Amino acid sequence: MNHKNLNFNENFVEQRVTYSSEKDGQFLIVENVPARVNLETGEQFFSPDTVEQLQQIILQQPQPVRFMQIPVYKFAA
């Protein structure tokens, strides 16, 4: 493989993001989650501790801080 053409100069910033997941047909949103975000792609990376906390929130589903209504759309091909 020719590595001369690969660009490994990625730019990341620490940000607080909104994480979403679906469990048993119910959407869960967790706000203010610390993440490293790639400035070029928007890809989000979470520390192992953060992933563990997110998993606990999803499994335990504590009392939410608020509720939201969201529109649902059907993708038509």
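For the structure given in this document, a descriptive report is provided here. (Residues numbered from 1 in each chain as written. Predicted model: local features only at pLDDT ≥ 70, side-chain atom pairs only at ≥ 80, totals over all residues. Heavy atoms only, no water.)

**Some thoughts on the pattern of salt bridges**
1) Next: One pass over the structure, following the stated rule, counts 2 salt bridges.
2) Next: With a shortest N-O distance of 3.5 Å, Arg36 and Glu14 are connected by a salt bridge. Taken together, the residues Arg36 in strand 2 (residues 26–38) and Glu14 in strand 1 (residues 12–23) connect sequence positions 22 residues apart.
3) Next: Looking at Glu14, the relative accessible area reads 61%, which means it is exposed.
4) Next: A salt bridge links Arg66 to Glu31; the shortest N-O distance between them is 2.4 Å. Here Arg66 is found in the segment after helix 1 (48–60), whereas its partner Glu31 is found in strand 2, with 35 residues between them in sequence. (Salt bridge = Lys/Arg side-chain N within 4 Å of Asp/Glu carboxyl O. Helix = DSSP H or I, 4+ residues; strand = E, 2+ residues; numbered from the N terminus. Buried < 20%, exposed > 50% of the residue type's maximum accessible area, 1.4 Å probe, protein only.)

**Brief notes about a nonpolar patch on the surface**
1) Next: A contiguous nonpolar patch, built from Phe27, Ile29, Met68, Ile70 and Val72 and spanning about 520 Å² of accessible area, is present on the exposed surface.
2) Next: Within the secondary structure, Phe27 sits in strand 2. (Patch = residues over 30% accessible without salt bridge, like charges linked within 9 Å, V, L, I, M, F, W, Y side chains within 5 Å. Areas by Shrake-Rupley, 256 points an atom, 1.4 Å probe, with all protein chains shown as cover.)

**So, the packing of aromatic side chains**
Working definition: an aromatic ring pair is given by the centre-to-centre distance plus the angle between the planes.
1) Next: Under the definition given, this model contains 2 aromatic pairs.
2) Next: Seen from the ring of Phe12, Arg36 lies directly overhead, with NZ or CZ sitting 4.7 Å from the centre. (Phe/Tyr/Trp six-rings, centres within 6.5 Å; stacked < 30°, edge-to-face > 60°. Lys NZ or Arg CZ within 6 Å of the ring centre and 35° of its normal.)

**Examining the nonpolar core**
1) Next: If you look at the biggest cluster of nonpolar residues, it comprises 6 residues: Val17, Val30, Val33, Ala35, Val37 and Leu54.
2) Next: For this core, the element with the highest residue contribution is strand 2, accounting for 4 residues.
3) Next: Residue contacts for Val33: discarding those within four places in its chain leaves Gln15, Arg16, Val17, Tyr19, Phe46, Thr50 and Leu54. (Core = buried A, V, L, I, M, F, W, Y, C linked by side-chain atoms within 4.5 Å. Contact = heavy atoms within 4.5 Å.)

**Details of the layout of surface pockets**
1) Next: One number sums up the size of the largest pocket: a volume of about 640 Å³.
2) Next: Lining the largest pocket are 17 residues, and of these Phe27, Leu28, Ile29, Pro64 and Arg66 lie nearest its centre.
3) Next: When residues of the lining of the largest pocket are traced back to their parent elements, those giving at least two are strand 2 and helix 1.
4) Next: Ranked by residues supplied to the lining of the largest pocket, first place goes to strand 2 with 6 residues. (1 Å grid on protein atoms, 1.4 Å probe; cavity = no way out; pocket = protein on both sides within 12 Å on 5 of 7 lines; lining within 4 Å. Points joined across faces, edges and corners; volume = space filled by probe spheres on them.)

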